[in-house]
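# Commentary on secondary and tertiary structure
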Amino acid sequence: MKKILLSAFAIFAMMACNNEEPVRLQEQSLITFEDSFVEAKTRAEDPSITTGTIDAFDVWGFINQPSGLVFNAERVTKSEDGVWGYTNLQYWMPDKSYYFHAVAPVDDENIVVDTKEMDTDGLGTISFTNVDGTTDLIYASKHVPTGSDVINNAPAPVELKFMHLLSKIKFTFTNGFPKNTSLMVTDIKITNAPAKGSIAVNKEREDFSWTLVQGETTELAFGDVNGGDAFASGEPKDCAFERLTIPADATRNYTIKFTLELFYGDQSAGKNDKVVTLENQEFAIGKNYNITATINHENFYEEA
């Protein structure tokens, strides 16, 4: 009888162990994201990614060292009500150092991320092909340490402060002729902008530098000034589009082409296709540039 009682007790104990109720981590310990990138929009049509236009980014993340991988190009997307979410849900662990690196835009074959040199400072190397100046490239990194009580005191959503890795260019023209004239400026192009380059982002941000693929160039088209309409003397007018370029140092020259036509009333007084060299011009990471020109009699008729 004693053996029977012991056996019954053992069976009861096993049943109790198999009836454990799972306890989930509290919701506030879930790793979540939010973006805080803000870029002021200018008057011309702007190709930059802004807080209002970004709707997805890819994130890499690890604890302590890259070998402790938590996220591997995890797609984070924004819902219609502005909440960021992702599929492979991860939870904060206590007493760890989390490192996050993010890139946008996503699903672009002209952006290639190589993470073999990823470390606590950055993602590694990003290669980029600039097709026509309409694709932006932004990058963010964030270090988040956790305490011992991540259940009740979880870190805030990961705030990613994206930076532009490209330079942005626009053109502004002023009619420098006397009154009673109007000037038309059309088909503005930079014909030899850098087409391919790479940037190592596993260092301090102020040390970021692009390495260009020599001999690879592309054309950036800025459209017409003032919507293609002639504009009066003394009035500065912007080009239709802004364009993005891979940054380069001041050893580079740029070839600019555009067409000028001068009017008195509704009569054309002359038309000229211009080719101008912008010499030794640096375009720096994350900077906006406005190339300005005043067109008068002297430079309207000078030889191209």
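Residues numbered from 1 in each chain as written. Predicted model: local features only at pLDDT ≥ 70, side-chain atom pairs only at ≥ 80, totals over all residues. Heavy atoms only, no water.

## Comments concerning the side chain of Ser48
Here is the rule: Helix numbering and strand numbering both begin at the N terminus, where a helix is a DSSP run of H or I of at least 4 residues and a strand a DSSP run of E of at least 2. N or O atoms within 3.5 Å of each other form a polar contact, as long as, within protein, one can give a hydrogen and the other can take it, and as long as residues adjacent in sequence are counted only when both atoms are side-chain atoms.
Relative to the helices and strands, Ser48 resides in the loop between β1 (33-35) and β2 (56-63). A distance of 3.2 Å separates the side chain of Ser48 from the side chain of Lys168, its partner in a polar contact.

## A closer look at the environment of Arg252
Note the cut-off: Here, residues are in contact when the closest pair of their heavy atoms is within 4.5 Å.
In this fold, Arg252 is placed in the loop between β18 (243-245) and β19 (254-264). Distance in space between the C-alpha atoms of Arg252 and Glu282 is 7.1 Å, their sequence separation being 30 residues. Apart from the residues within four sequence positions on either side, Arg252 is in contact with Asn192, Ala193, Pro194, Leu212, Thr217, Leu278, Glu279, Asn280 and Gln281.

## Here we look at the pattern of salt bridges
Spelled out, the test is: For this document, the term salt bridge refers to a Lys or Arg side-chain nitrogen within 4 Å of an Asp or Glu carboxyl oxygen. Note on classification: 1.4 Å probe, protein chains only; a residue is buried when its accessible area is under 20% of the maximum for its type, exposed when over 50%, partly exposed between these limits.
By the definition in use, this model includes nine salt bridges. Taking the shortest distance from any N to any O, the salt bridge between Lys168 and Asp46 comes out at 2.9 Å. You can see Lys168 sitting in strand β11 (residues 167-175) and its partner Asp46 sitting in the loop between β1 and β2, a full 122 residues away along the chain. Judged by its relative accessible area of 4%, Lys168 falls in the buried class. Close ionic contact of Asp187 with Lys189 constitutes a salt bridge, the shortest N to O distance being 3.9 Å. According to the relative accessible area criterion, Asp187 is partly exposed, its value standing at 40%. Within this structure, Asp46, Lys168 and Glu242 form a network of salt bridges that share partners.

## As for the packing of aromatic side chains
Geometrically, a pair of aromatic rings is defined through the distance of the ring centres and the angle of the planes. Test applied: The criterion for an aromatic pair is that two Phe, Tyr or Trp rings (for Trp, the six-membered ring) have centres within 6.5 Å, with stacked assigned to planes under 30 degrees apart, edge-to-face to planes over 60 apart and tilted to the rest.
Across all of its chains, the model carries 16 aromatic pairs by this definition. When the centroid spacing of 6.0 Å and the interplanar angle of 10 degrees are considered together, the rings of Tyr98 and Phe100 count as stacked. You'll find Tyr98 and Phe100 in the same group, each marked buried. Each ring, one from Phe128 and one from Trp210, has its centre 6.5 Å from the other, and the planes form 65 degrees; the classification is edge-to-face. Taken together, the positions of Phe128 in strand β7 (residues 125-129) and Trp210 in strand β14 (residues 210-212) put the pair 82 residues apart, joining distant regions of the chain. The class of Phe128 is buried, set by a relative accessible area of 2%.

## Here we look at a negative patch on the surface
Our working rule: Think of a patch as exposed residues, more than 30% relative accessible area, with no salt bridge, where like charges cluster within 9 Å and nonpolar side chains (Val, Leu, Ile, Met, Phe, Trp, Tyr) cluster within 5 Å. Computed with a 1.4 Å probe, the accessible areas rest on the Shrake-Rupley method; for each residue, only the protein chains presented here act as cover. Neither His nor the chain termini are counted; the positive set is Lys and Arg, and the negative set is Asp and Glu. To locate a charge, take atom NZ for lysine, CZ for arginine, CG for aspartate or CD for glutamate.
The grouping of Asp121, Glu204, Glu206 and Asp207 at the surface amounts to a negative patch. Here Asp121 lies in the loop between β6 (111-114) and β7. By relative accessible area, which is 39% here, Asp121 ends up partly exposed.

## Brief notes about the nonpolar core
Defined as follows: The set of buried Ala, Val, Leu, Ile, Met, Phe, Trp, Tyr and Cys residues whose side-chain atoms join them within 4.5 Å is what this entry labels a nonpolar core.
One finds Leu165 and Phe171 to be the most contacted residues of the largest nonpolar core, which totals 45 residues. Setting aside anything within four residues of it in sequence, one finds Leu165 in contact with Ile126, Leu137, Tyr139, Ile199, Val201, Phe208, Trp210, Pro247 and Ile285. If you look at the next biggest cluster of nonpolar residues, it comprises 24 residues, including Ile31, Val76, Phe100 and Val158.

## Points about the sheet that holds β6
How we decide: DSSP-based pairing: two strands are paired if at least 2 bridges between them are found. Note on method: axes are straight lines fitted to C-alpha atoms, helices fitted across the in-contact stretch only, with angles between N-to-C directions ranging 0 to 180 degrees.
One open sheet holds the four strands; their spatial order is β6-β7-β13-β14, and the pairing between them is antiparallel. Every other strand in the sheet has two partners, leaving β6 and β14 as the edge strands with one partner each. Averaged over all pairs of adjacent strands, the angle between strand axes in this sheet comes to 20 degrees, irrespective of strand direction.

## Remarks on the pairing of β7
Burial along β7 is one-sided: the residues Ile126 and Phe128 are buried and none of Thr125, Ser127 and Thr129 is. Here β6 runs beside β7; their pairing, made up of four bridges, is antiparallel. Bridged to Ile111 within β7 is Phe128.

## Regarding the sheet that holds strand β10 (residues 163-164)
What the six strands build is an open sheet, ordered β4-β3-β2-β5-β8-β10; its pairing is antiparallel. For this open sheet the edge positions go to β4 (84-85) and β10, each flanked by a neighbour on one side alone. As defined by bridge partners, strand β3 (residues 69-78) adjoins β4 across two bridges and the pair is classed as antiparallel. Paired with Lys78 across the two strands is Trp84, which belongs to β4.

## Quick look at the pairing of β19
If a strand is regular, its side chains alternate between the two faces of the sheet. The element β19 is largely enclosed, with a buried count of eight among its 11 residues. As paired elements, strand β12 (residues 182-194) and β19 share seven bridges and run antiparallel to each other. Its bridge partner lying in β19, Val185 is registered against Leu260. With 11 bridges joining them, β19 and strand β20 (residues 267-278) adopt antiparallel strand pairing. Residue pairing in the sheet places Phe258 in a bridge with Lys274 of β20. Here β19 folds back onto β20 in antiparallel fashion, the turn holding two residues, of which Gly265 has a positive phi close to 65 degrees.

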